[in-house]
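Now for the letters of each chain:
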Amino acid sequence: PAIVRIVDLVKNYYMGTQTVHVLKGLNLTFDEGDFIALMGPSGSGKSTLLNVLGCLDRPTSGSYFLGDVDVAQMADDQLSEVRSTYLGFIFQSYNLLPQYTVVENVELPLLYQGIKLDESTKARCTALAEMVGLGDRLDHRPLQLSGGQQQRVAIARSLVNDPHLILGDEPTGNLDTKTSVEIMQMLRALNRSGKTIIMVTHENDIAEWARRVVRLRDGMVESDTRNDARTITE
Ligand code: ADP
Ligand code: ADP
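We now turn to the structure provided with this report. (Residues numbered from 1 in each chain as written. Chains lettered and ligands numbered in written order. Predicted model: local features only at pLDDT ≥ 70, side-chain atom pairs only at ≥ 80, totals over all residues. Heavy atoms only, no water.)

### Observations regarding the site of ligand 2
Quick reminder of the rule: We define proximity as follows: a residue is near a molecule or strand when any one of its heavy atoms falls within 4 Å of that partner. Here a polar contact is recorded for every N or O atom pair within 3.5 Å, except that within protein the pair must consist of a potential hydrogen donor and a potential acceptor, and residues adjacent in sequence are included only if both atoms are side-chain atoms. Note on areas: Shrake-Rupley with a 1.4 Å probe; residue coverage comes only from the protein chains shown. Here a helix means four or more residues in a row that DSSP labels H or I, a strand means two or more in a row labelled E, and each is numbered from the N terminus. The residue classification treats Ala, Val, Leu, Ile, Met, Phe, Trp, Tyr, Cys and Pro as nonpolar and Asp, Glu, Lys and Arg as charged. All others, Gly included, are polar.
If you check the shell around ligand 2, you find S80, R83, S84, F89, F91, N95, P109, Y112 and R157 and nothing else. Contacts to ligand 2 include R83, whose side-chain N or O atom sits 2.7 Å from an oxygen atom. When isolated, ligand 2 has an accessible area of 550 Å², and the protein chains bury 63% of it. Among the elements of the structure, α2 (76-86), β6 (87-91) and α3 (102-112) are those that each provide at least two residues to the shell around ligand 2. Here the element with the most residues in the shell around ligand 2 is α2; it accounts for three residues. Residue composition of the shell around ligand 2, grouped by class: four nonpolar, three polar and two charged.

Okay, structure coming up:
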């Protein structure tokens, strides 16, 4: 079944008297369990689309069905609720809070949601940190960790609400090749365990880890292909 369906999605920005047409009527359906790489040259609209998909920004017109619900019509507080219960986010620069430990960073989305932190949330976040291989770093702070370890904290944090859909904005953009492969192996494992992932990347080597590659150009879909014939050593 479809987890994401966008229909005639248009996004304009208005700057003074000028209208900037960024997304020019996109139609895309993403199936539950898929792993999609969004590619395209700088300025093609990738970030704008990811912001709409992440309910951080609303389309100018068109529909965005997340599951069965048209989130394009939702009010801000409902969008916020959708973000924190349905979506997980991973960023290029990790977006961890430096004063907090690994486990506390993983707990953050719960805190944002107003959930009371206690022994059970701590146990859950500790288990997630252990799952991403940081069992011996639970009380470290982000600056005591490598970039790859920081991104693993962010992956654990993205999972804390058991989201249906994980959105990644160049998740390996600040990492060396070897570490990028480790992160992509982790994302692939998550995808195989059932998580739907949509990730922006401008690197072909990274897009090869996805199952499907959607390329934007000038706010339209230029190509949409599946990576079926790929061979990737794990
Ligand atoms: P990409 O992520 O593919 O580089 P973006 O979605 O960031 O593309 O940007 C697409 C176009 O939209 C660019 O021309 C950019 O200048 C414009 N744009 C993005 N955000 C804004 C904004 N807040 N106001 C005006 N124009 C914007
Ligand atoms: P609210 O509108 O209620 O303040 P936010 O927009 O701050 O909600 O965030 C809602 C959820 O979206 C958070 O629980 C978090 O998981 C995710 N999120 C949004 N932006 C970020 C970010 N910059 N870093 C980490 N998580 C984010």
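### As for the nonpolar core
For clarity, the cut-off: Residue types Ala, Val, Leu, Ile, Met, Phe, Trp, Tyr and Cys, when buried and joined through side-chain atoms within 4.5 Å, form a set referred to as a nonpolar core. Between buried and exposed lies partly exposed: a residue is buried under 20% and exposed over 50% of the maximum accessible area for its type, with that area taken using a 1.4 Å probe on protein chains only. The contact criterion used throughout is that any non-hydrogen atoms of two residues lie within 4.5 Å.
Formed by 36 residues in total, the largest nonpolar core has its most connected members in I155, L187 and M199. Among the elements of the structure, β3 (35-39), α3, α4 (119-131), α5 (147-158), α6 (177-192), β8 (196-200) and α7 (204-207) are those that each provide at least two residues to this core. In contact with L187, other than residues within four places in its own chain, are F35, I90, I155, P171 and I197.

### What to know about the sheet that holds strand β10 (residues 220-226)
The line we're drawing: We treat two strands as partners when DSSP finds at least two bridges between them. Here, axes are lines fitted to C-alpha atoms. For helices the fit covers the stretch in contact, and angles between N-to-C directions go from 0 to 180 degrees.
Pairing within the open sheet is mixed, and its six strands lie in the order β6-β7-β8-β3-β9-β10. Each edge of the open sheet is held by one strand with a lone partner, namely β6 and β10. Across the sheet, the mean angle from the axis of one strand to that of its neighbour is 15°, orientation sign disregarded. The pairing of β3 with strand β9 (residues 212-217) spans four bridges and is classified as parallel. The residue of β9 that forms the bridge with M39 is R215. Those strands touched by α2 are β6 and β7 (165-169), and its axis lies near 80° from that of β6.

### Quick look at the site of ligand 1
Within the structure, ligand 1 sits among Y13, M15, V22, P41, S42, G43, S44, G45, K46, S47 and T48. In the model, an oxygen atom of ligand 1 is placed 3.2 Å from a nitrogen or oxygen of the S44 main chain. Between an oxygen atom of ligand 1 and a side-chain N or O atom of K46, the distance comes to 2.9 Å. Burial of ligand 1 by the surrounding chains reaches 61%, relative to a free accessible area of 560 Å². Elements with a minimum of two residues in the shell around ligand 1: β1 (2-15) and α1 (46-53). For the shell around ligand 1, the element with the most residues is α1, which contributes three residues.

### Things to note about the pairing of β7
Rules: When the strands point away from the viewer, a crossover counts as right-handed if the route from the first strand across the helix to the second turns clockwise.
Extensive coverage of β7 is indicated by the burial of four of its five residues. As paired elements, β6 and β7 share five bridges and run parallel to each other. Among the inter-strand pairings, L87 is bridged to a residue of β7, identified as L165. Looking at chain direction, β7 and β8 are connected through five bridges and run parallel. Considered in β8, the bridge of L165 is made with T196. Handedness of the crossover joining β7 and β8 through α6: right-handed.

### Let's talk about the pattern of salt bridges
Rule in force here: Think of a salt bridge as a Lys or Arg side-chain nitrogen and an Asp or Glu carboxyl oxygen that are within 4 Å of each other.
With the rule as written, the count across this model stands at eight salt bridges. Notably, a salt bridge pairs K195 with D162, separated by 2.6 Å at the nearest N-O pair. Of this pair, K195 sits in the loop between α6 and β8 while D162 sits in the loop between α5 and β7, and the two are 33 residues apart along the sequence. Residue class for K195 comes out buried when judged on its relative accessible area of 13%. A relative accessible area of 52% places D162 in the exposed class. The partner of K178 in a salt bridge is E182, with the nearest N and O atoms 3.3 Å apart. Taken together, the residues span about one helical turn, with K178 and E182 both in helix α6 at a distance of four residues. Look at E182 and you get partly exposed, because its relative accessible area is 35%.

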